[in-house]
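Each chain, written out:
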There are 6 protein chains.
Amino acid sequence: MNKLTHLDETGAARMVDVGEKPVTQREAVAQACVAMLPETLELLLSGGHKKGDVFAVARVAGIQAAKKCSDLIPLCHPLMLNSVNVDFESDSQASEVRILARCRVSGKTGVEMEALTAASVAALTIYDMCKAVDRGMEIRSVTLLEKQGGKSGHWQRTDGEA
Amino acid sequence: MNKLTHLDETGAARMVDVGEKPVTQREAVAQACVAMLPETLELLLSGGHKKGDVFAVARVAGIQAAKKCSDLIPLCHPLMLNSVNVDFESDSQASEVRILARCRVSGKTGVEMEALTAASVAALTIYDMCKAVDRGMEIRSVTLLEKQGGKSGHWQRTDGEA
Amino acid sequence: MNKLTHLDETGAARMVDVGEKPVTQREAVAQACVAMLPETLELLLSGGHKKGDVFAVARVAGIQAAKKCSDLIPLCHPLMLNSVNVDFESDSQASEVRILARCRVSGKTGVEMEALTAASVAALTIYDMCKAVDRGMEIRSVTLLEKQGGKSGHWQRTDGEA
Amino acid sequence: MNKLTHLDETGAARMVDVGEKPVTQREAVAQACVAMLPETLELLLSGGHKKGDVFAVARVAGIQAAKKCSDLIPLCHPLMLNSVNVDFESDSQASEVRILARCRVSGKTGVEMEALTAASVAALTIYDMCKAVDRGMEIRSVTLLEKQGGKSGHWQRTDGEA
Amino acid sequence: MNKLTHLDETGAARMVDVGEKPVTQREAVAQACVAMLPETLELLLSGGHKKGDVFAVARVAGIQAAKKCSDLIPLCHPLMLNSVNVDFESDSQASEVRILARCRVSGKTGVEMEALTAASVAALTIYDMCKAVDRGMEIRSVTLLEKQGGKSGHWQRTDGEA
Amino acid sequence: MNKLTHLDETGAARMVDVGEKPVTQREAVAQACVAMLPETLELLLSGGHKKGDVFAVARVAGIQAAKKCSDLIPLCHPLMLNSVNVDFESDSQASEVRILARCRVSGKTGVEMEALTAASVAALTIYDMCKAVDRGMEIRSVTLLEKQGGKSGHWQRTDGEA
């Protein structure tokens, strides 16, 4: 049966030993969505400078957070990321901003947590910068979309999940 | 009209000046939910030690993240938190774990971001510890629930929001 | 005679005791300049998005660095900054970008180091983002321009200095 | 034509993907100079212990800053440095202290930023420890002196630059 | 009966709420000892420069660690330290180096953990710098010596303890 | 004769160059003991939840500290740890808790400092969580127990040491 690999047989937390795992090219893509009032989205998108800067600040925050992942998530291994990208799409219909974070590494463990952390912190940064006008925003649909490399191979999220 | 206070008149990002604001008792409560497969939730809840440790690790991660908030969110002010609590509820119906983070400070700015960051990082930690058995988990409903203190007074989330 | 307050009578380093100093409003302004090839400056200034993002990234880096000052400079006291601003001016004549960083605090010690650190790290970030096209850039004129609050009162840099 | 590799085609910041780059031995040497009043330099150089400690503190600060580089400069890759050296020379003629920082890595990207960051933070630390007697000090000539390894081969600063 | 205040009634960890506690002047002194071979101590003490630098590096490490205390010890509150001193005494009889760390704060909680952390990290730094010649060193007698300020008043360690 | 490799020939601190050293599997085990009053140990061990959480918090603190080692110990190299384990044993006879930390890496330098730092910070965390009931606790016997890999081969602590 499946078990939680971050706990040993007595239930104690540990950093799983990855010493025997080969170094492979790994990649993960995660998303986070920030749902907001239509007028907040409007404000965010209006004006060249303003738009640029909210997203620019959130992008830097997301990239920096990916690099801090093993400091934030207790049982994550330190990793030397090859690249991090954070992109934004706005969806007026859903009145939300969608964040896509993509991380790559040549390493022994996957980069799912780095991508999820980048997307989450970028979302929190958007919340922070817009909260003066819209305290009720919601961060939702924080999910792993895709994962490549390592023993488990290529994995893609399908609609039915969670 | 409303505007984004983290941007100056030219659209450049800045840390808003809080020098003139009075020090008051402030509190914020935020939540994050982690939706997972029923068997993942079962695994998480079964066994005394195991349950204890996943939640214990996620709780520490959340508390530590609240203290790192101004390092993660670029325009947040450094704060000397008076307290941080992170609690967990499981909902078998919804097949999710709900995280509640409460932060308090005697300060010049609110602690919404600290509470939201604590809840988010606790959720990411649960994801990390369970991802070996359930890669499709979703972090959702990351929202501010309540906020007290400061100029804007008492604010509570109502159902209709976002 | 004057002496270095960060060393005790035996020459050992220490964090100077500020326990007896009153909390006052303090402010400091520092600058750093990045001299570059005219074509690098041109590239930096051309195009709306591109310009926005180099300066936006450097601005965030500078603001974050101000908050990390006591972690970087061993004998600096931790401070709860009220505000940080980082601005940029380009000077085609001198072929340089000038960075101005302004920090404010209600505290027991000045914020000179925070402002100087913000300006320096913003300058290093510009170097990093342009080094692929101009490895010979020079960061220069990193100086304190102005300082207010505290026992030493208002201080302004005059041209003759250093 | 040359372009800024840290920005993608839409001008958004990103951490450049170094996944395809080979691991090679890389080295970079950077300098920073701190110009001060002659009496400040005198004070700094007089006395065995005192001299030792200002430079010893600045050396540690520089070494530690090299290791924090990817946390300070948003688009820098995390690196596992093989070595960091920080040395000091005083020039009574120019009334300045010159800092030399040398970093080495076996990695996929260069260590220019690590060396420049080490030199800059060592300079800021000298400023901090002497500012009580000389607020007008200037950090200048922060430059890359030499760079080896990687695709661009051996590069040395020549006098005409910047 | 006494209980552990860092655990709530269900045994869950929490950052104790200090919001109601008054700000007072607080101070704590802690020690750590590093026992080593007589020839290691000899090497450490011989030569002006060498001695200076091992202790100088360990002193900086201890001071910096005091400032990082709330990042290292999960349930510690962030504090704005007024001062940190780290001193060293060598005892040829016991063949050990004794480290004394003193921290002061104007705050709502004590600074015992900051002083103990400073002493411990200074001791670890001495271990690191001497381990090439003496792997069997032992860090011992890490204790709080004295504590002032706050509800519990003045406390001094007596010989019989622990 | 033996010398301190972290100091160059002039006595200045440096990060030793490990560029020429081969990558090997390395492991280190360190211990730290926390001596306390019998009733404190009793309190720590009584009750399922309470016991779990003190040790769970200390375990996370130790694991996180191992990853921060190069940020705490100035001349330590950054390392990408393969695994970290932190375990606890209680000894009613000696009225102490014994912490065992084991670190592994595939790298160019040993992981002694990471294991010693993990054990020390776990011990400090136990002190922090129990200090309200027992201020006189003592951290003692912080030692390296075993070390494998690298040029110096297998080393085990023998009773006579230090």
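Nothing here was measured: the structure is a model prediction, and the numbers come from that model.

### Description of the overall build of chain A
Then comes step 1: Assigned secondary structure in chain A consists of 4 helices and 5 strands.
Then comes step 2: Each helix and strand of chain A, ordered N terminal to C terminal, gives the series β-α-α-α-β-β-α-β-β.
Then comes step 3: Dimensions of chain A, computed from C-alpha atoms along their principal axes, come out at roughly 50 × 30 × 30 Å.
Then comes step 4: Within chain A, the proportion of its 162 residues that are buried is 64%.
Then comes step 5: Expressed as a percentage of contacts within chain A between residues at least 6 apart in sequence, the contacts between residues at least 24 apart total 70%.
Then comes step 6: Summed over its atoms, the accessible surface of chain A is roughly 5800 Å², and 46% of this surface lies on carbon and sulfur atoms.
Then comes step 7: Counting 19 positive and 21 negative side-chain charges, chain A places the averaged centre of each group 4 Å from the other.

### Brief notes about the packing of aromatic side chains
All names here are of chain B.
Then comes step 1: According to the stated counting rule, one finds 6 aromatic pairs over all chains in the structure shown.
Then comes step 2: With a centroid separation of 4.9 Å and 20° between ring planes, the pair formed by Phe55 and Phe88 is classed as stacked. Placement of the pair is Phe55 in helix α2 (residues 48-67) and Phe88 in strand β2 (residues 81-91), with a sequence separation of 33 residues.
Then comes step 3: Since its relative accessible area comes to 7%, Phe55 is described here as buried.

### Concerning unusual backbone geometry
Then comes step 1: Positive phi values are uncommon outside glycine, yet Ser95 of chain C reaches one of about 50°.
Then comes step 2: A residue is classified by how much of its surface remains accessible, and Ser95 of chain C, at 9% relative accessible area, is buried.

### Details of the interface of chain C and chain D
Then comes step 1: Counting residues at the interface gives 59 residues for chain C and 58 residues for chain D.
Then comes step 2: When chain C packs against chain D, close to 5100 Å² is buried across both sides, 68% of that on carbon and sulfur atoms.
Then comes step 3: Taken together, the links from chain C to chain D amount to 3 salt bridges.
Then comes step 4: Put simply, Asp71 of chain C and Lys68 of chain D hold a salt bridge, and the shortest N to O gap is 3.2 Å.
Then comes step 5: Residue assignment for the side of chain C that touches chain D shows that the elements contributing at least two residues are α1 (38-45), α2 (48-67), α3 (69-72), α4 (112-130) and β4 (138-148) of chain C.
Then comes step 6: The element contributing the most residues to the side of chain C that touches chain D is α4 of chain C, with 12 residues.
Then comes step 7: Bridging between β4 of chain C and strand β4 (residues 138-148) of chain D involves 2 bridges; their strand directions are antiparallel. Opposite Val142 of chain C, over in β4 of chain D, you have Ile139 of chain D as the bridge partner.

### Re the relation of the copies chain F and chain E
Then comes step 1: With an RMSD of 0.0 Å, chain F superimposes on chain E once it is rotated by 180° and translated 0.0 Å along the axis. This pairing of chains is accounted for by a two-fold axis. Rotation axis and chain F: the residue whose C-alpha lies nearest the axis is Arg140 of chain F, separated from it by 2.1 Å.

### Observations concerning the relation of the copies chain C and chain D
Then comes step 1: Superposing chain C onto chain D takes a rotation of 180° plus a shift of 0.0 Å along the axis, which leaves an RMSD of 0.0 Å.
Then comes step 2: Of all interface residues in chain C, 98% are interface residues in chain D too; the two copies therefore contact each other through one and the same surface.

### Quick notes on the UniProt feature "active site" (unreviewed entry) in chain A
Then comes step 1: Feature annotation in UniProt places "active site" (unreviewed entry) on Asp128 of chain A, given in this structure's numbering.
Then comes step 2: Mapped onto the fold, Asp128 of chain A is located in helix α4 (residues 112-130).
Then comes step 3: With residues near it in sequence (within four places) discarded, Asp128 of chain A still touches His6, Ile73, Leu75, Cys76 and Met113 of chain B.

Conventions adopted
Residues numbered from 1 in each chain as written. Chains lettered and ligands numbered in written order. Predicted model: local features only at pLDDT ≥ 70, side-chain atom pairs only at ≥ 80, totals over all residues. Heavy atoms only, no water. Helix = DSSP H or I, 4+ residues; strand = E, 2+ residues; numbered from the N terminus. Buried < 20%, exposed > 50% of the residue type's maximum accessible area, 1.4 Å probe, protein only. Contact = heavy atoms within 4.5 Å. Areas by Shrake-Rupley, 256 points an atom, 1.4 Å probe, with all protein chains shown as cover. Lys, Arg positive; Asp, Glu negative; His and termini not counted. Charge placed at Lys NZ, Arg CZ, Asp CG, Glu CD. Phe/Tyr/Trp six-rings, centres within 6.5 Å; stacked < 30°, edge-to-face > 60°. Buried area = accessible area lost by both parts, 1.4 Å probe. Salt bridge = Lys/Arg side-chain N within 4 Å of Asp/Glu carboxyl O. Pairing = 2+ DSSP bridges. Least-squares fit on C-alpha atoms with pLDDT ≥ 70 in both. UniProt positions renumbered as here; feature names shortened; annotations may be inferred.

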